[in-house]
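A look at the structure
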Amino acid sequence: MNRILALIKMDINNTYGLSAIRYNLKSKKEKWKLILIPVLILSLLPSYYIIVFSIYNLYGVFLNMGQKSMFLLYGILITQLILFFTGLLYVLSKYYFSNDMNILIPLPLKPKEIITAKFVSLMIYEYLTLLPIILPFVITYGIRGSEGLLYCIYSLIILLFIPVIPLSLASIIIMAFMKFTNIKGKKDLVRIIGYFIMIVLLLAFQLKVQSIAGKSLLNEDDFMYKLITDSNLFVKRLGVVFPPSMWAAISLTNYLNITGFLYVLLFMGISILAFVIMSLLSERVFLDGLIGNLEVSTSRKSEKLRASDFSKSYPVYLSLGLKEIKVLLRTPVYLFNSVIGVVLIPIIILMSMAMEGTNVSQEIKMLIGGNYHLLNLIGIGYVTFLGIMNCVGCTTFSREGKNMWLHRTMPIDIKDQIFGRVLSSLFVQLIGIVTLLGCLAYMGLINVQSIFWITLLGLLGSISMTELGMIVDIYRPMLDWDNPQKPMKQNLNVLISMGIGSIYVLAVGFLAYKLLDMMDVAFIYGILAAIFVISSYVFFKILNRLIKRQFESLE
Amino acid sequence: MLKLKGLSKTYSKGHVKAVDNINLEVKSGEIFGFLGPNGAGKTTTIKMIVGLLKPDSGNVFIDGIDVWENPLEAKKKISFVPDTPEVYDKLKGIEYLNFIADIYEIPKDIRQKRIEKYLDIFELKDAIGNVIGSYSHGMKQKLVLISALIHEPELFILDEPMVGLDPKSSFKLKEIMRQRCNEGKTVFFSTHVLDVAEKLCDRIAIINKGKIIALGTMDELRNSAGNNESLEKIFLELTDNE
């Protein structure tokens, strides 16, 4: 047990850089940077307030239906599903792609000790993600229903255990996945494709279950009667999507009677059981997936160097962009977060519509009434926002990590640094655009004009978004990392960039919306293009100065 | 070729003087050894020369160009080999070398000739098509050395270059350093291997606690020490006395 505690302590310290923060606090400059973080988080509060406010109102909707337990299920289900799906990625990189494995494996530690420590550290990280989502639900329910002390105690227990089942499930799936994909040779490729298929299948399964549960509920003969008599009807029917969420919701709404008590016991019991199974399983399968992972395959017979191996001289910015793209595509964690992300979003939306069974594209067509420009504008906004969501710009310097010395000692013009890195983001964007257009074409919602405007203005918007991300990233690059997951997913720069980026997209979107009634859409496209070009230029100028300053002053 | 003028750098709000008012001039065609105990300020000085660390005061001139005033022009004349070879694990060796050649704008035929020459010298030809992640420490070190030589720099700066190299590669590197100087180019390197410094360097500087405490040719150092001692003894005496 002591060993596990020591491991947990070390892992948390290492993951969150606690010692480094303490050390940095001695420097005045670093102190300022640390103060800046809460200030930036505070700046995100207004948009968070809107979400909290809508959650607060949602309570009323379910209360009127006499199904207020559904309100809690809603919050818990969203939280647990997010935990599960993000958990798949976190587990993959934390268990299998972190460099400290090279140190831990030779130590006399059992796999389950290592996994337990990593699991706990991951759980703490997940609390940071889940609390902003779940707390508004739990607190709203408590305040608006004037629930008592016992409710608070039950809530605390539920909150404490909430990440255990999703993370255990994610760990089990990933450990099995890594064991069975540990194939010599094309391991990385098999895993990337396998991971993509796995996510799509799991999502499809989830959506199908949701859709079946929803339909069967509405199709019940005595639906209205049951709705009135059973206040847990919605929860019981829709909770099958993820039963643990249902148990948590029922225990919280029935905390005054024995049902609530039994369900909280069930929730805790199954959580502990899931963790124990996961930990026992890790003893048998974890190393099988890992050991091969640490070795880097080399071709036995290295091919003779050919003249074609020596590339013709590329311009610096292009060479830099190509290097970025290669590293992005070959590092699984980067690939999952950037390329797979932009491909998955439209596919998920398409899938969820397809699962509904109704002819959604027909409904959309009726809604826009042949006015495809509305769809184009939404598409442009979506692609522009992807420019920051793809995480390429806002992590470009952080991802350099220990290789940063190279860029600072070589004669690379700053404008080449900017062009090359923007280029790599545009490459990912292009994949996103093609997927989006493909999905739209599948729904029959596309024409040549849409392709032209979404591609052109989407790419233009992406340039300013990428530059915006780069400004945030070079201002506070995260260069000291041992796990490629860190610069991508544990990097506050991503969150900050998304915050600022969403304000930018919302503002431009609002302007376009207001202009729709006032002028021809061609003018709106022109205005959008002008905004994107001007902001790209302004961001470029800022970047130019900032990169010069930071490349000189980083230590 | 390289001139350091009143170079200083402090850490911890000025409490620790890592480099304290260093003045130094390295001429073209010289192999210059930079010695000192751990934490003496060698790496800090080198980092200020190559643009990785901004000096608190003083200037660095490369061929008359101020590194911190006109970094791009200055960096075109140098190449730097750090003490730990951190390079992109996901790139193939040859891709990395092509990338570096692009940065220095070297045409295809010339890059091919030079890369093949150095791959032969360092016996890395068989691994160059593999990803760098599969390389050993020594192989990475060799790759960084080759990448630093592709553009035939006027000034070759190396931080502890012999660490991690096998004896054969180490010997070849010394040969390359000597050959470069014969061609009128300059080499500046830090090392702990006093034997190498003694046999290879035209001039040597010993730095301790941020200050240069000895500077000159091997003969000059011996004379100032007052007898015919080895560099090891001179080094130990000087750094112990401080």
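So, here's what we can say about the structure. If you're wondering where the values come from, they're calculated on a predicted model, not measured in any experiment.

1. Quick word on the interface of chain A and chain B
- Listed by partner, the interface residues are 40 residues for chain A and 48 residues for chain B.
- Approximately 3,900 Å² of surface area, both sides summed, lies buried where chain A meets chain B, with 61% of it carried by carbon and sulfur atoms.
- Its largest share of buried area at the contact with chain B, chain A owes to Phe310(A), Trp405(A) and Pro411(A), together 19% of the area lost on that side.
- Linking chain A with chain B are 3 salt bridges, by the criterion used here.
- The closest approach of N and O atoms between Lys54(B) and Glu552(A), which form a salt bridge, is 3.1 Å.
- Our enumeration of links across chain A and chain B arrives at 12 residue pairs in polar contact (both at pLDDT 80 or more).
- Of all the elements in the fold, those that place two or more residues in the side of chain A that touches chain B are α15 (316-330), α19 (404-409) and α24 (521-553) of chain A.
- Among the elements that make up the side of chain A that touches chain B, the one with the highest residue count is α15(A) (7 residues).
- Taken together, the residues that form the side of chain A that touches chain B break down as 16 nonpolar, 11 polar and 13 charged.

2. Thoughts on helix α5 (residues 137-149) of chain B
- If you check α5(B), its first and last C-alpha atoms are 19 Å apart, about what 13 residues at 1.5 Å a residue would give, namely 18 Å.
- For α5(B), a buried count of 11 out of 13 residues is recorded, marking the element as mostly surrounded by other parts of the structure.
- Here α5(B) has its buried residues at Gly138(B), Lys140(B), Gln141(B), Lys142(B), Leu143(B), Val144(B), Leu145(B), Ile146(B), Ser147(B), Ala148(B) and Leu149(B).
- Along its buried surface, α5(B) packs onto α19 of chain A together with β6 (78-81), α3 (93-103), α4 (108-121), β7 (155-159) and α6 (167-182) of chain B.

3. Side note on the sheet that holds β7(B)
All names here are of chain B.
- If you walk across this open sheet you meet the 6 strands as β6-β7-β8-β3-β9-β10, and the pairing is mixed. Each edge of the open sheet carries a strand with a single partner, namely β6 and β10 (211-216). Each adjacent strand pair in this sheet contributes to an overall mean axis angle of 15°, direction not counted.
- Against the sheet, α5 engages β6 and β7, with an angle of about 175° to β6.
- Sitting on the sheet, α6 touches β3 (31-35), β7 and β8 (186-190), and the angle it makes with β8 is about 140°.

4. Looking at unusual backbone geometry
All names here are of chain B.
- The backbone of Asn21 shows a phi angle near 55°, a positive value even though the residue is not glycine.
- Tracing the sequence through the fold places Asn21 in strand β2 (residues 16-26).
- Residue classification places Asn21 among the partly exposed residues on the basis of a relative accessible area of 46%.
- Residues other than glycine seldom take positive phi values, yet Glu160 does so here, at roughly 50°.
- Examined against the element boundaries, Glu160 turns out to sit in the loop between β7 and α6.
- Note on Glu160: relative accessible area 11%, which makes it buried.

5. Some points on the environment of Asn130(B)
All names here are of chain B.
- Secondary-structure assignment places Asn130 in the loop between α4 and α5.
- Judged by its relative accessible area of 9%, Asn130 falls in the buried class.
- Note: C-alpha distance between Asn130 and Glu95 (35 residues apart in sequence) is 9.6 Å.

6. A look at α15(A)
- The terminal C-alpha atoms of α15(A), which comprises 15 residues, lie 21 Å apart, in line with the 21 Å expected from a rise of 1.5 Å per residue.
- Inspection of α15(A) places Val316(A), Ser319(A), Leu320(A), Gly321(A), Lys323(A), Glu324(A), Ile325(A), Val327(A) and Leu328(A) among the buried residues, and these make up the whole buried set.

Each value, and the rule that gives it
- Residues numbered from 1 in each chain as written.
- Chains lettered and ligands numbered in written order.
- Predicted model: local features only at pLDDT ≥ 70, side-chain atom pairs only at ≥ 80, totals over all residues.
- Heavy atoms only, no water.
- Contact = heavy atoms within 4.5 Å.
- Buried area = accessible area lost by both parts, 1.4 Å probe.
- Salt bridge = Lys/Arg side-chain N within 4 Å of Asp/Glu carboxyl O.
- Polar contact = N/O pair within 3.5 Å; in protein donor to acceptor, adjacent residues only side chain to side chain.
- Helix = DSSP H or I, 4+ residues; strand = E, 2+ residues; numbered from the N terminus.
- Nonpolar A, V, L, I, M, F, W, Y, C, P; charged D, E, K, R; others polar.
- Expected span 1.5 Å × (residues − 1).
- Buried < 20%, exposed > 50% of the residue type's maximum accessible area, 1.4 Å probe, protein only.
- Pairing = 2+ DSSP bridges.
- Axes fitted to C-alpha atoms, helices over the stretch in contact; angles between N-to-C directions.

This is a description of form; function is not addressed.
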